[in-house]
Each structure stands twice: as C-alpha cells, then as structure tokens.
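Structure at a glance
Listed below, chain by chain, are the residues.
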Amino acid sequence: MLALADPELDNGPRTDKSATLRMCAVSREQKPVDELIRFVVSPAGEVVPDVKRKLPGRGLWVSASREVVAEAVKRHQFSKGFKRDVRAAPTLASDTENLLVQSAIEALAMAAKAGQVVSGFAKVEGALTGRPGGAAMQALIHAADGASDGIRKLNALARQNAGQSAGNGAGTPEFPIITALRSAELDLALGRSNVVHAALLAGPASKTFLSRSQILVRYRLADADKTAGTAAENSPSR
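These notes cover the structure that comes with them. Source: prediction; values computed, not measured.

To continue, consider the overall build of the protein. Helix and strand counts for the protein come out as 7 helices and 9 strands. Within the protein, the fraction of its 238 residues that count as buried is 47%. Partitioning the contacts of the protein with sequence separation of at least 6, the portion at a separation of at least 24 is 65%. Accessible surface, the protein as shown: approximately 12,300 Å² in total, 52% of it carbon and sulfur.

Written out as structure tokens, the structure is:
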C-alpha cells in the first residue's frame with residue numbers, strides 16, 4: 001500500500017525517503033513520486049530542480065511535465081508553495097529538461113563503465129540475437145537523430161525475438177526501445193564518436209539509466225500522451 005506523505009512541502013530528502021506519494025503543487029493531485037519532480041530553493045532564493053531528489057532543504061513537488069512546470073512558473077506557484085518570495089526563471093521548464101537529459105547521460109556513462117552497454121550496429125545486432133553466456137539485454141537504445149533504416153532493422157529484430165519469447169510461454173515481454181538522447185549525447189555518455197545504436201545489458205547501473213530515461217520521456221510526453229511513463233519507442237528528443 002502506498003504511504004501518503006505531507007501534501008505540502010516535504011521535510012528534506014533524508015527525512016521523507018519513505019514517502020511514495022506527493023501532491024503536485026499545480027494540479028493538487030496526489031501522485032507517485034516517480035511521476036513528479038522535486039524543486040528546492042537555493043540560498044540565493046532561486047527555484048532549483050532537484051532531479052535526483054538529494055538537494056537539502058524543504059521541497060515542493062510538481063508533475064513531471066514540461067507544460068506543468070511552465071504553468072507553475074506562470075502562476076507563481078513556487079512562491080505560493082514555499083510561502084515566501086522566490087525567483088523562478090522563465091526558462092525553468094527547459095532548464096529542468098536539460099538537467100534530466102544530463103542525469104540520463106551520467107547514468108548511461110556509469111552503465112558503460114560497469115560493462116553494461118555495447119554500441120555499434122553489429123554489436124547490438126549480436127546482443128539481440130543472443131550469445132552463449134552473454135548478459136541478458138535490458139533495452140535497445142537509438143540516437144533520436146539516427147538514420148531510420150538501421151533503427152527499423154534492429155527494431156524488427158527486437159520484435160522478432162520478443163515474439164519468440166512469447167511463443168515459448170514467456171508471456172508478452174516488455175522490451176524498452178529508448179530514443180530519448182541524440183547521437184552527440186550518446187557520444188558523450190559512451191566516450192566515442194558517432195554512436196547511433198547501443199544495447200543496454202542487465203545490471204544495477206542499467207536499471208538506473210532506465211529509471212532516469214523513463215522520467216525524461218514522461219517529462220516530454222506527459223501532456224501529449226498520458227501513458228508516456230515508459231522509456232519506449234517514439235520518445236522524442238528536443
């Protein structure tokens with residue numbers, strides 16, 4: 001059962017770790033914390049996105065949606081929520097997205113350092129077809145600006161393998177296809193040039209990347225597609 005926390009400001013990142021529900025300061029709806037973004041106020045009185053939920057101070061929660069964050073700025077919801085004058089930059093919605101992108105890049109870099117990422121068309125194709133003794137594949141990653149031909153071929157192979165798993169009695173598998181990052185961002189994460197395709201292998205670090213890419217997709221698509229809570233095919237990159 002979900003634990004209902006104080007619907008207003010939280011008491012800081014350390015004291016409220018057990019809370020699984022929070023109130024969106026704009027819609028006043030109670031939502032799981034994974035569907036919200038936490039904001040705090042800096043010592044200079046500026047509203048700061050706390051995308052990793054670790055910054056000190058009391059936090060205000062807003063739905064993970066670019067449009068809702070922009071609405072919060074427009075309606076001066078941060079000053080109302082924090083019950084004092086604070087400065088929310090007009091660019092807060094885009095600043096928040098940039099931080100979510102950076103967070104996803106960092107997580108993918110950590111997964112790569114842990115040996116949980118392979119890149120390049122041939123290696124990804126090999127991971128999809130499966131190798132004896134190889135790690136289980138967690139997700140397929142494409143650059144948002146990658147050529148459609150290669151993306152289409154690998155997606156077809158992923159769907160074929162998923163269908164075979166279902167035919168073997170495994171049920172209908174959910175296989176994420178992530179297109180939330182551009183090639184230059186994948187290059188930065190993986191420390192190489194011209195990355196278009198990558199395979200995410202099983203492991204703790206890969207789970208962190210999946211979680212962070214999920215909230216990035218949700219932030220971009222929440223208003224256009226209410227089911228955009230999964231890091232899935234068709235997630236755009238801005």
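We are not done yet, so read on.
Spatially, 4 strands are ordered S6-S9-S7-S8 in an open sheet, and the strand pairing comes out mixed. Single-partner strands in this sheet number two, and they are strand S6 (117-119) and strand S8 (177-178). Here S6 runs beside strand S9 (residues 197-201); their pairing, made up of 3 bridges, is antiparallel. Note that in S9 the partner of serine 119 across the bridge is alanine 198.

Our focus in this paragraph is the pattern of salt bridges. Counting across every chain of the model gives 9 salt bridges. Residue arginine 38 pairs with aspartate 50 through a salt bridge whose shortest N-O separation is 2.6 Å. With a gap of 12 residues between them, arginine 38 in strand S3 (residues 36-41) and aspartate 50 in strand S4 (residues 47-50) connect regions that are remote in the sequence. The exposure class assigned to arginine 38 is buried, which follows from its relative accessible area of 2%.

What follows covers unusual backbone geometry. In the Ramachandran plot, arginine 28 falls in the positive-phi region, its phi being about 65° despite a non-glycine side chain. Its place among the elements puts arginine 28 in the loop between strand S1 (21-23) and strand S2 (30-32). Its relative accessible area of 42% is what places arginine 28 among the partly exposed residues. Here the phi dihedral of histidine 76 falls at roughly 55°; this positive angle occurs in a residue that is not glycine. By secondary structure assignment, the location of histidine 76 is in the loop between helix H1 (66-74) and helix H2 (77-82).

All right, on to the sheet that holds S3 then. Across the sheet, 3 strands lie side by side as S4-S3-S5; this open sheet has antiparallel pairing. Of all strands in the sheet, those with a lone pairing partner are S4 and strand S5 (60-63), marking the two edges. Shown here is a sheet whose adjacent strand axes are inclined to one another by a mean of 40°, direction ignored. Note that S3 and S5 share 4 bridges and pair antiparallel. Directly across from isoleucine 37, in S5, lies its bridge partner valine 62.

Rules used throughout
- Residues numbered from 1 in each chain as written.
- Predicted model: local features only at pLDDT ≥ 70, side-chain atom pairs only at ≥ 80, totals over all residues.
- Heavy atoms only, no water.
- Helix = DSSP H or I, 4+ residues; strand = E, 2+ residues; numbered from the N terminus.
- Buried < 20%, exposed > 50% of the residue type's maximum accessible area, 1.4 Å probe, protein only.
- Contact = heavy atoms within 4.5 Å.
- Areas by Shrake-Rupley, 256 points an atom, 1.4 Å probe, with all protein chains shown as cover.
- Pairing = 2+ DSSP bridges.
- Salt bridge = Lys/Arg side-chain N within 4 Å of Asp/Glu carboxyl O.
- Axes fitted to C-alpha atoms, helices over the stretch in contact; angles between N-to-C directions.

These values are about where atoms sit, not about what they do.
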